[in-house]
Amino acid sequence: MASNGVAVTDGNGAAHKFNPHFTQAVINATGPKASPRVRKLTASLIQHLHDFARENELTVDEWMAGLELMNEAGRMSDDRRNEGQLLCDIFGLESLVDEITYKLASDAKDEPTATAILGPFWRKDAPEKQMGDTIVSGIDSEGDKTWMHGIVTDFVTGKPIEGATLDVWHTAPNGLYEQQDPDQPEMNLRGRFTTGKDGTYNFYCLRPVPYPIPYDGPAGKILQAMDRHPYRPAHIHFIITASGYKPIVTQIFDRNSKYIEDDAVFAVKDSLIVDFKPYQGDPKADFELPYDFKLASFEAAKNHSMVGATEASAAGVGAKI
Ligand code: BEZ
Ligand code: FE
């Protein structure tokens, strides 16, 4: 209640009993040289943080516990482990930001391949490969060998895209990415393939398996406190880039995988669910996996009001990856 007897409300219009001027005073501390975007984001963040604290009557002990989790996440992060990203992932934030960044206007008659989160295990400079090569090295006897193939096309014209690069990575049959596992060869299960004139690609990989995201740190503690499991359904990651086209960061998911309905990081989209088909006649593959990728040119992306559809935003993705 304010001194004049009027109930004070938070950013959502809900009544509260705390200092009615405090949040605005903190927002007003922003200086004149802050950019409009920084001003907008920080004002909104402050408002939401304060509303969260007031709504839940957050105590100093609870705030300190949260802070300690964040500090622990910082201490255990390095170029092989990104605990901050994991924390965002279990709260669905990376998936939500991915959706916001790449959403198409709903009037588009056809759509490019859907995006999905990058996750913390991409590595730059994966080995460049030739079409028909395998990305499997050193673990020949394990896993279901798979021949993956398809075409990369322009989603508006349907024409094949020459010079599109597919950067692919997935886990080993033990559920670990190579940088998590000293027993795997460097860059195992990673590769970059570039399409020729006909836009097609093909390579050998393994049928991926479900695996837990690392849960020995703060993200794991929160999952446990929330009574949640840490597993992701089996998936293969891709970044598809081509000159003049919006890059696509995505994943494809095995329809028959456990956790397909219950991804710990909320990244599964219907159009990204695929079928591994038993394959005969090729000693190098037990399964076949056909999948085509459709890219939007910058021009088409603008015409379809695609959020972030600029060369500059693509450079942003490039900077991140
Ligand atoms: C991944 O798919 O590699 C991943 C995504 C989010 C958190 C952990 C792993
Ligand atoms: Fe993954």
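This write-up is about the structure you can find in this document. Fair warning: this is a prediction, and the values are worked out from it, not measured in the lab.

This brings us to the sheet that holds strand β4 (residues 165-169). Spatial strand order, β5-β4-β9-β10-β11: five strands in an open sheet with mixed pairing. Lying at the two open borders of the sheet, with one neighbouring strand each, are β5 (190-194) and β11 (273-274). Pairing geometry for β4 and strand β9 (residues 235-241), over five bridges, is antiparallel. When the bridges of β9 are listed, T165 appears paired with T241.

So, about the side chain of Q85. Residue position: Q85 is located in helix α4 (residues 83-90). At 3.4 Å, the side chain of Q85 forms a polar contact with the backbone oxygen of G119. Look past the residues within four positions of Q85 in its chain and what remains in contact with it is E94, G119 and P120.

This part covers α4. Counting buried positions along α4 yields six of eight residues, so the element is predominantly enclosed. Where α4 is concerned, the buried positions are E83, Q85, L86, L87, D89 and I90. Against α3 (60-76), α5 (93-102) and α6 (218-225) lie the buried residues of α4. At the C-terminal side of α4, G92 shows a positive phi close to 75°.

This part takes up the coordination of the iron ion (ligand 2). All of the protein donors around the iron ion (ligand 2) are Y177 (OH), Y211 (OH), H235 (NE2) and H237 (NE2); their distances to the metal are 1.8 to 2.1 Å. Around the iron ion (ligand 2), the six donor atoms are arranged such that angles at the metal cover 54 to 167°; this shape is classified as irregular. Between consecutive donors of the iron ion (ligand 2), the numbers of intervening residues give the motif Y-x33-Y-x23-H-x1-H. Note that Y211 is positioned in strand β7 (residues 211-212) and H235 in strand β9, a separation of 24 residues in sequence.

To continue, consider the nonpolar core. Of all hydrophobic cores here, the largest spans 45 residues; its most connected members are M148, V152, F238 and F293. For this core, the element with the most residues is strand β6 (residues 200-206), which contributes four residues. Not counting the four nearest positions on each side in its chain, F238 is found in contact with M148, L166, D167, V168, W169, F203, I248, V249, T250, I252 and F293. In this structure, L118, W169, Y211 and I239 belong to the second largest nonpolar core, which totals eight residues.

Here is what the cut-offs are and how they apply
Residues numbered from 1 in each chain as written. Chains lettered and ligands numbered in written order. Predicted model: local features only at pLDDT ≥ 70, side-chain atom pairs only at ≥ 80, totals over all residues. Heavy atoms only, no water. Pairing = 2+ DSSP bridges. Helix = DSSP H or I, 4+ residues; strand = E, 2+ residues; numbered from the N terminus. Polar contact = N/O pair within 3.5 Å; in protein donor to acceptor, adjacent residues only side chain to side chain. Contact = heavy atoms within 4.5 Å. Buried < 20%, exposed > 50% of the residue type's maximum accessible area, 1.4 Å probe, protein only. Donors = N, O, S within 2.8 Å, 3.2 Å for Na, K, Ca; no water. Tetrahedral: all angles 85-135°; square planar, octahedral: opposite > 155°, others 65-115°. Core = buried A, V, L, I, M, F, W, Y, C linked by side-chain atoms within 4.5 Å.

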